[in-house]
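Topology and contacts: notes
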Amino acid sequence: MRDTIIAARGLSKSYRRGSENVHALRATDLSVGKGEFVSIVGPSGSGKSTLLHLLGLLETPSSGRISLQGRETSWLKERDLVKVRRGSIGFVFQQFLLLPTLTVEENIELPLLFSRKSVNKDRIAGIMEMLELTHRARHLPHQLSGGEMQRVSIGRALVNEPGIIMADEPTGNLDTATADKIYSLFKRLNEGGLSLIVVTHNMELAGRADRVIRLRDGQIISD
Ligand SMILES: Nc1ncnc2c1ncn2[C@@H]1O[C@H](COP(=O)(O)OP(=O)(O)O)[C@@H](O)[C@H]1O
Ligand SMILES: [Mg+2]
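About the thresholds
- Residues numbered from 1 in each chain as written.
- Chains lettered and ligands numbered in written order.
- Predicted model: local features only at pLDDT ≥ 70, side-chain atom pairs only at ≥ 80, totals over all residues.
- Heavy atoms only, no water.
- Near = heavy atom within 4 Å.
- Polar contact = N/O pair within 3.5 Å; in protein donor to acceptor, adjacent residues only side chain to side chain.
- Areas by Shrake-Rupley, 256 points an atom, 1.4 Å probe, with all protein chains shown as cover.
- Helix = DSSP H or I, 4+ residues; strand = E, 2+ residues; numbered from the N terminus.
- Nonpolar A, V, L, I, M, F, W, Y, C, P; charged D, E, K, R; others polar.
- Salt bridge = Lys/Arg side-chain N within 4 Å of Asp/Glu carboxyl O.
- Buried < 20%, exposed > 50% of the residue type's maximum accessible area, 1.4 Å probe, protein only.
- Axes fitted to C-alpha atoms, helices over the stretch in contact; angles between N-to-C directions.
- Parallel < 35°, antiparallel > 145°, perpendicular 65-115°, else oblique.
- Left-handed = near helix turned anticlockwise from the far one by under 90°.
- Contact = heavy atoms within 4.5 Å.
- Core = buried A, V, L, I, M, F, W, Y, C linked by side-chain atoms within 4.5 Å.
- Phe/Tyr/Trp six-rings, centres within 6.5 Å; stacked < 30°, edge-to-face > 60°.

What follows deals with the site of ligand 1. Near ligand 1, the surroundings consist of Y15, R17, V22, A24, P43, S44, G45, S46, G47, K48, S49 and T50. R17 is positioned with one of its side-chain polar atoms (N or O) 2.7 Å from an oxygen atom of ligand 1. One of the side-chain N or O atoms of T50 is found 2.5 Å from an oxygen atom in ligand 1. Considering ligand 1 on its own, with 560 Å² of exposed area, one finds that the protein chains cover 65% of that surface. Residue assignment for the shell around ligand 1 shows that the elements contributing at least two residues are strand 1 (4-17), strand 2 (20-33) and helix 1 (48-55). The dominant element in the shell around ligand 1, judged by the number of residues it contributes, is helix 1, at 3 residues. Class assignment of the residues belonging to the shell around ligand 1 gives a composition of 4 nonpolar, 6 polar and 2 charged.

Pairs can form between side chains of opposite charge whenever their charged atoms are close. Inspection of every chain in the model, using the stated rule, returns 10 salt bridges. A salt bridge links R208 to D180; the shortest N-O distance between them is 3.2 Å. With R208 in the loop between helix 7 (203-206) and strand 9 (211-216) and D180 in helix 6 (residues 176-191), this residue pair connects regions lying 28 residues apart in the sequence. For R208, a relative accessible area of 24% translates into the label partly exposed. For D180, a relative accessible area of 34% puts it in the partly exposed group. Sharing partners across several salt bridges, the network here consists of E105, E109, K121 and R138.

This part covers the packing of helix 3 (residues 104-114) against helix 5 (residues 146-158). Where helix 3 contacts helix 5, the axes come no closer than 7 Å and their chain directions differ by 30 degrees. The pairing of helix 3 with helix 5 is recorded here as roughly parallel in orientation. The interaxial crossing formed by helix 3 with helix 5 has right-handed handedness. The segment helix 3 lies against helix 5, with V104, N107, I108 and P111 engaging V152, G155 and R156. Among the residues forming the contact of helix 3 with helix 5, the class breakdown is 4 nonpolar, 2 polar and 1 charged.

A separate point is the nonpolar core. Formed by 34 residues in total, the largest nonpolar core has its most connected members in I108, I154 and F186. Those elements giving two or more residues to this core turn out to be helix 3, helix 4 (121-130), helix 5, strand 7 (164-168), helix 6 and strand 8 (195-199). By residue number, the principal contributor to this core is helix 6, which donates 6 residues. Among the nonpolar cores identified, the runner-up in size contains 27 residues, and V32, L52, L54 and L68 belong to it.

Secondary-structure assignment places R156 in helix 5. Only 2.8 Å separates the side chain of R156 from the backbone oxygen of F96, close enough to count as a polar contact. Once residues within four sequence positions are removed from consideration, R156 is found in contact with F96, L97, L98, N107, I108 and P111.

All right, on to the packing of aromatic side chains then. Taken as a whole and assessed by the stated rule, the structure comprises 3 aromatic pairs. Plain terms: the ring middles of F37 and Y183 are 6.3 Å apart, the flat faces sit at 25 degrees to each other, and that makes the pair stacked. Of the two residues, F37 sits in strand 3 (residues 37-41) while Y183 sits in helix 6, which places them 146 residues apart along the sequence. Residue F37 shares its accessibility class with Y183, and that shared class is buried. For the pair Y183 and F186, a centre-to-centre distance of 5.7 Å together with 75 degrees between the ring planes defines the contact as edge-to-face.

Structural data, given as structure tokens:
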């Protein structure tokens, strides 16, 4: 059995909406192995983003616990959570979330500044080359295609050398061919040893992962 990178036990999350309680995620157990590529699928509102945000330590669960690389996270204060998150997890979102006034190169370097790490220009050049962005290094996000913008956000997710990438509908704003290329890139990164958890609506793309988890009404219905 391979090592576990992330393990969740009894994870649940409820939101208050007016007078009702929305159970976005119900008592969920899930373990992801090091080097595994996992897809999460399910209808809109089934709790996919909630699960990903909890696993990514972006939100705190209503109950349950998460351990990341063998380390229990439940007791960590926000300041330490931020550190663990920055060092261990790379995030990719549907909306890319690039800073519009920074170049491609600067967007990729940004997490290093937040982590107070020095910028190794050769490494950044290597990341841009791997992502086929070298010719775009000095361009601003609005000059890029959707696929290029998503590759920049993947570069930004990789720059701190995380053990795992978590992506929420990363191809939701991309055409089929471009989405396919992003998945090929994920596959290549996974072959290099990176773990990935990718939320998607697209069953065909989901099938390219090692493992497909289906959610419905805040519960895992198949794995
Ligand atoms: N911040 C929030 N406040 C209230 N309800 C929320 C919030 N975030 C998600 N929900 C609700 O939780 C459920 C699951 O949402 P979500 O995890 O975003 O689903 P998915 O990503 O599968 O579309 C939905 O009913 C949604 O409306
Ligand atoms: Mg969602």
